[in-house]
Amino acid sequence: MIRTGIFGGSFNPIHNGHISLARQLREKAGLDEVWLMVSPQNPLKAQADLLDDQIRMEMARLAVEGETDIVASDYEMHLPKPSYTWNTLEALKRDYPDREFVLMIGGDNWALFDKWYRADDIRNEFKIIVYPRRGSEGGIEGLDLIDISSTDIRERIKAGKRISHLVPKAVADFITKHKLYV
């Protein structure tokens, strides 16, 4: 059985903290790989500043080039919307019977988990790894977290500040080339 971590998010944009966290959680949780599940629509988040799905997907692919155990996945983009985690996990289980899927979520989302669609079913059917996030408690200890947020990156871009130290080089180049978030 291949143990696959599902690290979902809007990745708007993907940054070094996401990649570092995926690597560390893969190792600490004994996972074979991590799929960065680029979400087309989060029912709990506003969509106003969300870039097009394919643009965010391309940035995720660029960010994981050269990674052997981290994959950018557009799987959820092909499912009915809105994208509920329960539906995604059930579809993955059906489509990939040779894998055990482990949900990876931040402490901020864990605090709201009871509001998630079919939260009890997710708890009963799938393993869940909770990692700490800024302003939240709990999660796996001993992680070297990089305190970066996609919101901060978008604000830096709007303010004309550099982001090259916050995102993979290929992502920074892509954002600059396509004049994203300005």
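Placed above this text is the structure.
Thresholds, definitions, all that
- Just so you know, the residues in each chain are numbered from 1, in the order the chain's sequence is written.
- In keeping with the predicted nature of the model, local features appear solely for residues at pLDDT of at least 70, side-chain atom pairs appear and are counted solely at 80 or more, and the whole-chain, interface and lining totals rest on all residues.
- No hydrogens and no water enter the side-chain calculation; it runs on all heavy atoms of the structure.
- Grouping buried Ala, Val, Leu, Ile, Met, Phe, Trp, Tyr and Cys residues that are joined through side-chain atoms within 4.5 Å yields what is termed a nonpolar core.
- A simple rule labels every residue: compare its accessible area, found with a 1.4 Å probe on the protein chains alone, to the largest value its type can have, and call it buried under 20%, exposed over 50%, or partly exposed in between.
- For helices the rule is a DSSP run of H or I covering at least 4 residues; for strands it is a run of E covering at least 2, with both sets numbered from the N terminus onward.
- Paired rings are identified among Phe, Tyr and Trp, the last through its six-membered ring, by centres lying within 6.5 Å, and are further divided according to the angle between planes into stacked (under 30 degrees), edge-to-face (over 60) and tilted (the rest).
- By this definition, two strands are paired if DSSP reports at least two bridges between them.
- Interaxial angles span 0 to 180 degrees and are taken between N-to-C directions of axes, which are lines fitted to C-alpha atoms, for helices over the stretch in contact.
- Contact criterion: two residues are considered in contact whenever any of their non-hydrogen atoms come within 4.5 Å of each other.
- A clockwise path from the first strand over the helix to the second, with the strands pointing away from the viewer, defines a right-handed crossover.

1. Description of the nonpolar core
Then, number 1: Counting residues in hydrophobic clusters, the biggest one holds 39 residues, and the most contacted among them are Phe-7, Ile-14, Leu-36, Met-59, Val-171 and Ile-175.
Then, number 2: Ranked by residue count, the leading element in this core is helix 2 (residues 53-63), at five residues.
Then, number 3: Residues Tyr-75, Ala-91, Ala-119 and Ile-122 belong to the second largest nonpolar core, which totals 18 residues.

2. Details of the packing of aromatic side chains
Then, number 1: Overall, the coordinates contain ten aromatic pairs when judged by the stated rule.
Then, number 2: Between Phe-7 and Phe-11 the ring centres are 5.7 Å apart and the planes differ by 70°, which places this aromatic pair in the edge-to-face class.
Then, number 3: Phe-7 sits in the buried class, given a relative accessible area of 2%.
Then, number 4: You can call Phe-11 buried: its relative accessible area is 3%.

3. A word on unusual backbone geometry
Then, number 1: At the junction of Asn-12 and Pro-13, the peptide bond is cis and its omega measures out at 5° in the coordinates.
Then, number 2: For the bond from Lys-81 to Pro-82, the omega torsion is 0°, close enough to zero to count as cis.
Then, number 3: One can find Pro-82 in the loop between strand 3 (70-73) and helix 3 (85-95).
Then, number 4: Unusually for a residue other than glycine, Lys-179 sits at a positive phi of about 50°.
Then, number 5: As for its position among the elements, Lys-179 is in the segment after helix 7 (169-177).
Then, number 6: Even without being glycine, Tyr-181 reaches a positive phi, approximately 65°.
Then, number 7: When you line up the elements, Tyr-181 lands in the segment after helix 7.

4. Describing the sheet that holds strand 1 (residues 2-9)
Then, number 1: A sheet is described by the order of its strands in space; here five strands give the open sequence 3-2-1-4-5, paired in parallel fashion. Each having just a single partner strand, strand 3 and strand 5 (127-131) make up the two edges of the open sheet. Strand-to-strand twist of the sheet, defined as the mean angle between neighbouring strand axes without regard to direction, takes the value 30°.
Then, number 2: Along the sheet, helix 1 (residues 16-28) makes contact with strand 1, strand 2 (33-38), strand 3, strand 4 (99-106) and strand 5, crossing strand 2 at roughly 145°.

5. Observations regarding the environment of Met-37
Then, number 1: Tracing the sequence through the fold places Met-37 in strand 2.
Then, number 2: Sequence spacing of Met-37 and Met-57 is 20 residues, and the spatial spacing of their C-alpha atoms is 9.1 Å.
Then, number 3: Met-37 has contacts with Ile-6, Phe-7, Gly-8, Gly-9, Phe-11, Ser-73, Tyr-75, Glu-76 and Leu-92, leaving out every residue within four places of it along the chain.

6. Focus: the environment of Gln-54
Then, number 1: By secondary structure assignment, the location of Gln-54 is in helix 2.
Then, number 2: For the pair formed by Gln-54 and Tyr-75, sequence separation is 21 residues and the distance between their alpha carbons is 12 Å.

7. Focus on the pairing of strand 1
Then, number 1: Across six bridges, the pairing between strand 1 and strand 4 is parallel. The residue of strand 4 that forms the bridge with Arg-3 is Glu-100.
Then, number 2: When strand 1 meets strand 2, the two strands line up parallel, connected through six bridges. Pairing of Gly-8 across the sheet is with Met-37, part of strand 2.
Then, number 3: Crossover strand 1 to strand 2 through helix 1 is right-handed.

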